[in-house]
Amino acid sequence: MENYIGAEKILEKKKKFIMPCLGHFYSDPPEFVRGEMQHLYDTNGKKYLDMYAGVSVINCGHCNPYIVNRVVEQVKKLQHVCNIYLTENFVNLAERLAEVTPGDLQKSFFCSTGTEANEGSLLLASIYTKSSEFIALQNSLHGRTKLTMSLTGIGMWRTDTNPVGGINFAPDPYCYRCPLGKKYPECDLECANHVEKIIQMQTSGKPAALIAEPIQGNAGIVVPPKNYFKRVKEILEKYGALFIADEVQTGFARTGKMFAIENFDVVPDIMSVAKALGNGQPISAFISTAKIADTYTRPGASTLGGNPVSSTAGLAVLDYIAEKNLMQNARERGEQLKTGLLTLQKKFPIIGDVRGLGLMIGAEFVHPDKSPAFKELDEVLEILKDRGFIIGKGGVGRNVMAFQPPLVITAQDVDDVLNAIELVLQEKNF
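In this report, we go over the structure that sits alongside the text. Fair warning: this is a prediction, and the values are worked out from it, not measured in the lab.

## Some words on the overall build of the protein chain
Across its full length, the protein chain carries 13 helices and 15 strands. Against the compact-globule benchmark of 22 Å for 430 residues, the protein chain has a radius of gyration of 21 Å, which places it among compact chains. With respect to the three principal axes, the spread of C-alpha positions in the protein chain is 60 × 55 × 45 Å. When each of the 430 residues of the protein chain is scored for burial, the buried share is 57%. Counting every atom, the protein chain has about 19,000 Å² of accessible surface; 53% of that belongs to carbon and sulfur. Separation between the mean location of the 46 positive side-chain charges and that of the 48 negative ones in the protein chain comes to 2 Å.

## Here we look at the sheet that holds strand β5 (residues 134–137)
In a beta sheet, neighbouring strands pair by backbone hydrogen bonds and run either parallel or antiparallel. Read from one edge of the open sheet, seven strands run β4-β10-β9-β8-β7-β5-β6, paired in mixed fashion. The open sheet has two edge strands with one neighbour each: β4 (107–111) and β6 (167–170). With direction set aside, neighbouring strand axes in the sheet form an average angle of 20 degrees. With four bridges joining them, β5 and β6 adopt parallel strand pairing. Bridge pairing in β6 places Leu137 opposite Ala170. Lying over the sheet, helix α4 (residues 89–100) contacts β4 and β10 (284–288), oriented at roughly 130 degrees with respect to β4.

## Description of the nonpolar core
A general tendency of soluble globular proteins is for nonpolar side chains to be buried together. By size, the foremost hydrophobic cluster in this structure holds 92 residues, and its most contacted members are Phe252, Leu337, Met401, Phe403 and Ile421. The element that contributes the greatest number of residues to this core is helix α10 (residues 308–323), accounting for eight residues. Excluding residues within four positions of it along the chain, Met401 makes contact with Ile361, Gly362, Ala363, Phe365, Leu377, Val380, Leu381, Leu384, Ile391, Gly392 and Ile421.

## A closer look at the pattern of salt bridges
One pass over the structure, following the stated rule, counts 23 salt bridges. The salt bridge involving Lys233 is made with Glu237; its shortest N-O contact spans 3.2 Å. Of this pair, Lys233 and Glu237 are both found in helix α8 (residues 228–238), four residues apart, which corresponds to roughly one turn of the helix. The partner of Asp353 in a salt bridge is Arg355, with the nearest N and O atoms 2.7 Å apart. By relative accessible area, Asp353 is classed as buried at 17%.

## Quick look at the pairing of β10
Counting buried positions along β10 yields five of five residues, so the element is predominantly enclosed. Here β10 shows a buried face lined by Ser284, Phe286 and Ser288 and a second buried face lined by Ala285 and Ile287. Here strand β9 (residues 270–273) runs beside β10; their pairing, made up of four bridges, is antiparallel. Across the sheet, the residue bridging to Ile270 is Ser288, located in β10.

## Quick notes on a nonpolar patch on the surface
Taken together, Phe17, Ile18 and Leu22 make up a surface patch of nonpolar side chains, about 320 Å² in accessible area. Structurally, Ile18 is set in the loop between α1 (6–17) and β1 (32–36). Using a relative accessible area of 41% as the deciding quantity, one classes Ile18 as partly exposed.

## A look at the sheet that holds strand β2 (residues 39–42)
If you trace the four strands from one edge of the open sheet to the other, you get β1-β2-β3-β13, paired in mixed fashion. A single partner strand is all that each edge strand has here, and the edge strands are β1 and β13 (389–390). Note: strand β3 (residues 47–50) against β13, two bridges, orientation parallel. Looking at the pairing, Leu49 lines up with Phe389 of β13.

## Brief notes about the packing of aromatic side chains
Applying the stated criterion across every chain yields a total of 11 aromatic pairs. The interplanar angle of 80 degrees and the centroid separation of 6.1 Å between the aromatic rings of Phe25 and Tyr26 together place this pair among those described as edge-to-face. Judged by centre distance (6.5 Å) and plane angle (70 degrees), the ring pair of Phe90 and Phe110 falls under edge-to-face. Here the residue Phe90 occupies a position in helix α4, and Phe110 occupies one in strand β4, the gap between them amounting to 20 residues. Taking relative accessible area as the criterion, Phe90 reaches 18% and is therefore assigned buried. Aromatic ring contacts, followed pair by pair, group Tyr228, Phe229, Phe243 and Phe264 into a single cluster. For the cation-ring pair, Arg144 lies above Trp157, with the distance from its terminal atom to the ring centre recorded as 4.5 Å.

## A word on helix α13 (residues 411–428)
Taking 1.5 Å per residue, 18 residues should reach 26 Å; α13 reaches 26 Å between its end C-alpha atoms and fits that length. All buried positions along α13 are accounted for by Asp413, Val414, Val417, Leu418, Ala420, Ile421, Glu422, Val424 and Leu425. Backbone geometry just downstream of α13 places Asn429 in the positive-phi region, at approximately 60 degrees.

## Section: the side chain of Ser288
Here Ser288 lies in strand β10. A distance of 2.7 Å separates a polar atom in the side chain of Ser288 from the backbone oxygen of Asp269. Among residues more than four places away in sequence, those in contact with Ser288 are Asp104, Leu105, Gln106, Lys107, Leu124, Asp269, Ile270 and Ala293.

## Some thoughts on the environment of Thr255
By secondary structure assignment, the location of Thr255 is in the loop between β8 (242–246) and β9. Note on Thr255: relative accessible area 3%, which makes it buried. Remark: the alpha-carbon pair of Thr255 and Ile361, spanning 106 residues in sequence, is separated by 9.1 Å. Those residues in contact with Thr255 that sit more than four places away from it in its chain are Ile215, Thr250, Ala260, Asn263, Leu357 and Gly358. Only 2.9 Å separates the side chain of Thr255 from the side chain of Asn263, close enough to count as a polar contact.

## Topic: the side chain of Asn64
Mapped onto the secondary structure, Asn64 falls in the loop between α2 (53–56) and α3 (65–77). Of the polar contacts made by the side chain of Asn64, one reaches the backbone nitrogen of Tyr66; its length is 2.9 Å. Those residues within four positions of Asn64 in sequence are excluded, and the remaining contacts are Met37, Asn279 and Tyr320.

Analysis parameters
Residues numbered from 1 in each chain as written. Predicted model: local features only at pLDDT ≥ 70, side-chain atom pairs only at ≥ 80, totals over all residues. Heavy atoms only, no water. Helix = DSSP H or I, 4+ residues; strand = E, 2+ residues; numbered from the N terminus. Rg over C-alpha atoms; globule rule 2.2 N^0.38 Å. Buried < 20%, exposed > 50% of the residue type's maximum accessible area, 1.4 Å probe, protein only. Areas by Shrake-Rupley, 256 points an atom, 1.4 Å probe, with all protein chains shown as cover. Lys, Arg positive; Asp, Glu negative; His and termini not counted. Charge placed at Lys NZ, Arg CZ, Asp CG, Glu CD. Pairing = 2+ DSSP bridges. Axes fitted to C-alpha atoms, helices over the stretch in contact; angles between N-to-C directions. Contact = heavy atoms within 4.5 Å. Core = buried A, V, L, I, M, F, W, Y, C linked by side-chain atoms within 4.5 Å. Salt bridge = Lys/Arg side-chain N within 4 Å of Asp/Glu carboxyl O. Patch = residues over 30% accessible without salt bridge, like charges linked within 9 Å, V, L, I, M, F, W, Y side chains within 5 Å. Phe/Tyr/Trp six-rings, centres within 6.5 Å; stacked < 30°, edge-to-face > 60°. Lys NZ or Arg CZ within 6 Å of the ring centre and 35° of its normal. Expected span 1.5 Å × (residues − 1). Polar contact = N/O pair within 3.5 Å; in protein donor to acceptor, adjacent residues only side chain to side chain.

What follows is the structure, encoded as structure tokens:
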């Protein structure tokens, strides 16, 4: 077996050399050293079923040979010249994205991270509308640059002591914990209607855009009502504002559609993508219609954006999703997982809500008074990790068990994780 320094030594070095803002899961974390499709392995050779995919990145599986082999061949030929020079892969990838994205989204700009893609989307919206005012949703997460952090509604991620002005937050479409105290569908989508009130009363009347995750990941897999985005888009169009869909976590077959916004029958004006596009290779993009994109004419470049290697990975990802029909697997395994969690909800009152689309599902842990049961969730996740199951967590109260696994998981995998969760909840008498 290879020599690894181990988790304890990593934590020592992390404390000494890494900024303390970067935390980690688990009180007793393993060191992962190998990945193989839906599985991870630690320094002791222990096998884990990964139900989080590196936070919705490894949609096609860890070290997928189909993708890795194409990336390795490209690395041997050409890694980087910068996109100010001509290479073929990034324009081919842009063409493919134009084919798979909804509506008339056509032109892409490649960069390296989801934050960059969102920042670029916001810049493009400002250029097109000639406005610098934005609306985001409460409990959103859009990035860690100055503007994207200012547009992030989750308090724990808003570490900037002097956020950007001209930003307003609309109520979350979070039916389980409605911020307006309403109940769907009697509410008539008041959370969406509130966007118009914000435009009229808290902006100049001409905001540049509203940016939203179709399903809020870090907020705890918050899924809006079916017609929410239709109503929002109608309001935005009335005031000449754009709709930016942040698909960084939700894109590339995760929800059973290529992009999550397609579940809501709405076409965004601009879309941000990242994470799963590279299946571990750093790549992102913002994509828009020709009409909007063609207003971005002043010089712009991204040194590593869309380089030959990451573009190769993106092309291979799109090929693999299509050839292996990962959208269908996401729908079928997602329905199996959600049904199983709903069954567990009936047995264990600590599960207050189950929600999600495809293989992006959250189970919210609560006390009898509906307050977040985050300590209990941490305890459950720690035990599951020890038994070979890696599951994420999210939510403003850090009390939502988050399932965003590789889309290659099997029916047996889903049964295994559901059985493991049931055993732990029984043992803990939750």
